[in-house]
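Examining the three-dimensional arrangement
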Amino acid sequence: MTNSESEVQIRTSWNALAESVNGDEQVADYLANLRIVDKETFEIALPTLCIVSAKTIEDSRKRELEKICAEVLLDAESTRPSRRAVIACLKEFHRGLSWNEFYTVMEALEEPQFHIIRPVLPRFDYLLNAVRENVFGFVWLKVALFRAMSHTNGWIRVWAIEKSVSLDFEILSLNHEFITTLVIPNLNNNDVFWRLLEKGRIEEFLMQMCSMIEAIKFTPMFLRSLLSSIEQLSCPTAIYFVVSTLNGITISEILNSEDIPLLRRVVLRARYIPHKSIRIATLRNLVEFYSKVTMLDTNVLEELSNLIGYFSADSTEDMIDATFLQVQRSITFTGYQLEIDPTTIVFKNLFDSDSNNLELRSRMWWTSMSTATVQQEKILSRLQLEVSELLGEKTPLDLTIQLFLLKERPLDVEYSNDVLDLMKNDLGEYILTRIISNTGSKRDFQLLRSLYIPLFKEYCSHLFFPFTIAVVKVLTEIKTCESAAVLLTFFDSIVEKLSDEHLEILRADFLSYLGGSTVIGMKRKKKSVEEYDNKEFNNIVATLHSLRIKLLNRFDLVHFQKYSIKFRFVKEVDVNSFLSECIEQLDVASAFSVKQQICHLIARFIRKCTDNELVISCIRASSNIVNEEKKSLNSLPALQCFVDVTLSGPQSDPKVSKESIDYMEAQLAIASQSTPVALILVDALTKYRTNLDVNWAPLIVKLALFGPVPKKETRVISYAYSKIFDKEDEFLENDQVERLDEVVQKARFKAVLLAMKLSLEDNNKWTKVLIEEIFKASAIMDQSSSRSFGLSMAHRQKTRGVELLHLLTMRIEDEAFASKVFDFCINCVVDPCQQFSIKLIVEWTLARLCIKFSNLFKRLIDNDFEKEMAAQRIGSMCSWLNVLMLISRAAPQLVDSCLDKVIVWCTAQNFPVRCTALAAARLMFSTFDKDRRKKWRLVKAIVNFDAEPSGNSKRVIDNLCSDFYFANLHIDNHFDFQTVLTVIPDRTGMPPEETIPINIIEELNDIPKEINSSNYEADFLGAPSEVYSALAKNTNCAPNMDNDEVDEEEVHYSVDEASEDNAVSSFQRKIVKETEVKDDGISLIVVASLVDKPNNLGGICRTSEIFGVDTLVVADALVAQDSNFKALSMSSENWQKIEAVKPANLLEYLQNLRSNGYTVIAAEQTTDSIMMHDFVFPKKAVIVMGDEKEGVPVSLLRAVDQTVEIKQVGHTRSLNVHVTAALMIAKFAEQVRFAKN
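Given the structure is predicted, the values throughout are model-derived calculations rather than measurements.

Right, let's get into the domain arrangement of the chain. As assigned here, the chain comprises domain 1 (376–402), domain 2 (436–516) and domain 3 (1083–1233). Relative to domain 3, the C-alpha centre of domain 2 lies at a distance of 82 Å.

What follows is the structure, encoded as structure tokens:
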């Protein structure tokens, strides 16, 4: 479209062109013109397709038009008008049941609301049946699935992807490009896999994908297209999950050596996965998959060894062994065998000696002969003979290839003697000669790490000391930086095996090599090997410099005074000067490896520093490294350097301590983005805990409360890690920082352990301080506007806090302080906003305190205390009864006192309190012997009378009497980490990340004598949890995709039997909401700002939306995101207008509404109240709902025109606020909104 042409002109000209089309030739011209215009013009012209399609045209032109329609519908960027235009065009060509179903599906998919689309999903099965019966083209099913995969609602997208991979394998085999061009690209994000996790379907989905690939793998070009689509993926977890499905593919020779470039490109793509374990697992899976599906030959096997090289450096030997074992299985299955004559083989010519991965290529060479054991034995015998002859010569030739072959020889091949063991002295001399004569080339470094050091350590341990003497004397003669780096790398690898006595002997010569005035620093070096670029040479310089400092540290500076060599730090008083030099070198050093070794030196000597200002300078210098490396792969090692330096300093000095804490707090602040930071911090604090004072208590408590709410990406990555380590734990390094799925739980549990250790080691110093910090943290959480929302950050952290408090109370000996903890716990159970995960722990804490301190028990059962607690919140008496129940179980001598208080509440009007009291009475009475039962005949009468024979009461009481906590928890016998940190949070509905897995507890608990790790009582662990687990229903946000509301006959009729009218009308009943023209004079506003429980607000929202409330007013609009709110709202918040007005602003808000003609009505019992059945609602009304406990405050009643109450005839005092609101909203609708009709 040119700038001079308007949209109207283009539309007019194309309409005229379409109207004038007559005959096949003009249709062809019209379509040709449509193909060549720009995209904007194309979209404007699309509606004219209907004009052309309505005319009589040839079938070939119809097919061309259909192709255009399909292209538009398969364009992710097509507009809704464009899609409507092509659908209208298709309707000119196609009618009938199958097509009507298709049109219905396409119409529904244009709607954004999930509840509109869900009833239509079964129609995909009808379309699939039509494809099976060849009455409907697959391309249109593909279109429908693609539009579903492109939908704005993520659950619809995931459903479509799942549906796509579950299609008939026969259909997919004929249309495999659907998988590779549409399905795989739509997996390229974490959102898909997060939703599969939420649905609990991710494993099923991956298995289905694997089965699908296995079933259609022989389809020509499918595997190549699949690998090409994987190559285009960018999401690391998507690459891993898709590649993991290839694990189940059976051996079948489909690809060949011509596909090597494609195989290599996919591996190179996977190399950029940033997460180490995911990267290694993905690369290994790819190599094993290639070995299964590729026709093996020497080129393919060589490439496989090169591909293994991409992950071998980061892998364990066991993983490399497992990978070669899979290659060997493929060789055995296919019968491949390397044809070679043992008598004529020339070993030194087997590989290019300058090539990379000689170690892996040698191993692959042996593996290629794994089916010919006799041949392997002959070759090995000849190889050993050749090596023995050459090693024995005065000046041995280059034995690189032969030594690699011997090093990687098969373990299952028999041989009489190991030539390298027999000639280990000759081997050592050969290796030393090669290393001393090195030129510092890339090949020298490769051979050093992969051949010389491994062989020397295996066979020449007896030569470690004499050879280090030889090397250290040669070091001073080496002139080039590259050669010195090679030699010093070898020296470092064997020095670590020497004894202190040998180090004493070597020390003088090594210090002589370092030089007197440049011990830490190093003179500028010049490049002498041209094959290195500047970056590579700088890395070599950094390697040499860091090794010098590392070895300097290794040779123990404390003993340098024995030697005549003079250093600036030769005297003890020169430690300060030495640290100053270290700081200077940190400022000028550019390579992290050098800075790291300098920090190790500082950490060693900072504790002897006599200048606190210098100590602070050291801390600041090391913190600068963290800032410099925060965006690099060295960020965590840099942090480790910082904490070692910081915590090694004299923390007894207040200024040093404050500076250290401030820096550590700053690091913890970023831990929510990089969770391993918290683990490094807590490990360091534990290591240096004897150096800490009570000023560190706030940081320790923050670490014990640490744990961000996981984002989608975090959940998916954690699942990928758990999947990898569950399957291949023995093949991966045991690096706790690398276990991203466990980092948060480990950091938190280690912080709990640290607090417990400090309390155990110095109870008087630490216990009270730590508990006071918990109180302070709790007070901050209680100020959060989200504290009443289940699984909010405030709820999560409060739960973690009371768990730590519960564990620390075992160390309380001071009754006055115990009383303070008692008050805190009582405030928790009285607070209506606290969830069960908090209440159960503090109830348990109260029970333990009351048994330990008799005065606290007397206070608990005091009549005045009981009345005061009930007056504050009647529901809190459930917790009070729970505490008495726990005490009676652990202290039989107190059961009479407990039962005496319980029995009074068995007739309480409050339903939960009454049920709890009856259940407690039943359980306590069941423990009595015959004599005591006589004493408590009243209880027997109540228990036997069964005053609640049916309904919810009986169910709740029965559940309580079998509950894991109420009926089974023993406050002493079950006082262990598993029960406190795993069982209680899990049974109260907390998500997995809020529990500490038992394997972590058992691995890390190093104080088992103080607190047991596990709970082994099967009755307790197996008991149900029906009473306190309501929150568990809200931890998963995946909607129900089952279409229970859709009648089966609606979707399961056959293609031949159903009528068109039936297909269309059924859908209309499901997705078309009855529209109502609202009378502008009618308006209802519901004010619920005083209601604080999210579940009540969710119910009010649902009722409001159903009955057409104009505005629902709440205190905080964020409540609509709470899981408890959503549990009752049923997505009504998506359509209901919600406005936020704080309680403090309600008076002004209501007065403004009154001035705008609204009548303000309060749901409240007053002397002037009108019964609701007698009240006539005005056309413009505001209904004000009161607080769940206090109702509408007096301060607001002056802005109310009328109070209305609901007449009651039963004994129960009041209705739930949600129910009250529902009745009043429905009454308004009945009298006003519906009456006009």
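Summary statistics for the chain give a mean pLDDT of 88 and a share of 93% for residues scoring 70 or more. Note that residues 557–573 has pLDDT below 50 and, in this model, 32 contacts with residues that lie over four places away or in other chains. A low-confidence stretch, residues 1044–1077 (pLDDT under 50), is modelled with 48 contacts involving residues beyond four sequence positions or located in other chains.

Right, let's talk about the sheet that holds strand S5 (residues 1170–1171) for a bit. On the basis of which strands lie adjacent, the open sheet formed by 7 strands has the order S3-S2-S1-S6-S4-S7-S5 and parallel pairing. Since the sheet does not close on itself, it has two edges, and those belong to strand S3 (1138–1140) and S5, each with one partner. Pairing of strand S2 (residues 1111–1114) with S3, which is carried by 3 bridges, proceeds in the parallel orientation. By the bridge assignment for S3, valine 1113 is matched with glutamate 1139. Lying over the sheet, helix H58 (residues 1094–1106) contacts strand S1 (1083–1087), S2 and S3, oriented at roughly 165° with respect to S2.

Let us look at the pattern of salt bridges. Within the structure shown, the criterion is met by 64 salt bridges. Notably, a salt bridge pairs arginine 796 with glutamate 994, separated by 3.0 Å at the nearest N-O pair. Note that arginine 796 is positioned in helix H42 (residues 793–808) and glutamate 994 in the loop between helix H53 (977–987) and helix H54 (998–1004), a separation of 198 residues in sequence. A salt bridge links arginine 859 to aspartate 823; the nearest nitrogen and oxygen atoms lie 2.5 Å apart. Residue arginine 859 is located in helix H45 (residues 854–860), and its partner aspartate 823 is located in helix H43 (residues 815–830); the two are separated by 36 residues in the primary sequence. Judged by its relative accessible area of 30%, arginine 859 is partly exposed. A relative accessible area of 31% means that aspartate 823 is categorised as partly exposed. Three or more residues joined by partner-sharing salt bridges are found here, namely Arg715, Arg796, Arg800, Glu993 and Glu994.

Moving on, we get to the pairing of strand S4 (residues 1159–1163). Most of S4 is tucked away, with 4 of its 5 residues classed as buried. When S4 meets strand S6 (residues 1180–1184), the two strands line up parallel, connected through 4 bridges. Along S6, the bridge assignment pairs threonine 1159 with alanine 1181. Both S4 and strand S7 (residues 1202–1205) contribute to a ladder of 3 bridges, which runs parallel.

So, about the packing of helix H5 (residues 59–73) against helix H6 (residues 80–93). In the contact formed by H5 and H6, the axes pass within 9 Å of each other and the chain directions differ by 150°. Comparing the axis directions of H5 and H6 gives the class roughly antiparallel. The handedness of the crossing between H5 and H6 is left-handed. Counted together, Lys62, Leu65, Glu66, Cys69, Val72 and Leu73 of H5 and Ser82, Arg83, Val86, Ile87, Cys89, Leu90 and Phe93 of H6 form the full contact between these two elements. For the contact of H5 with H6, the class distribution of residues is 9 nonpolar, 1 polar and 3 charged.

In this fold, serine 1104 is placed in helix H58. Looking at serine 1104, the relative accessible area reads 0%, which means it is buried. Polar side-chain contacts of serine 1104 include one of 2.7 Å to the backbone oxygen of isoleucine 1100. Setting aside its immediate chain neighbours within four residues, serine 1104 contacts Val1086, Val1109, Leu1112, Gln1136 and Ile1225.

Basis of the calculations
Residues numbered from 1 in each chain as written. Predicted model: local features only at pLDDT ≥ 70, side-chain atom pairs only at ≥ 80, totals over all residues. Heavy atoms only, no water. Domains from an automatic or database assignment. pLDDT = per-residue confidence, 0-100. Contact = heavy atoms within 4.5 Å. Pairing = 2+ DSSP bridges. Helix = DSSP H or I, 4+ residues; strand = E, 2+ residues; numbered from the N terminus. Axes fitted to C-alpha atoms, helices over the stretch in contact; angles between N-to-C directions. Salt bridge = Lys/Arg side-chain N within 4 Å of Asp/Glu carboxyl O. Buried < 20%, exposed > 50% of the residue type's maximum accessible area, 1.4 Å probe, protein only. Parallel < 35°, antiparallel > 145°, perpendicular 65-115°, else oblique. Left-handed = near helix turned anticlockwise from the far one by under 90°. Nonpolar A, V, L, I, M, F, W, Y, C, P; charged D, E, K, R; others polar. Polar contact = N/O pair within 3.5 Å; in protein donor to acceptor, adjacent residues only side chain to side chain.

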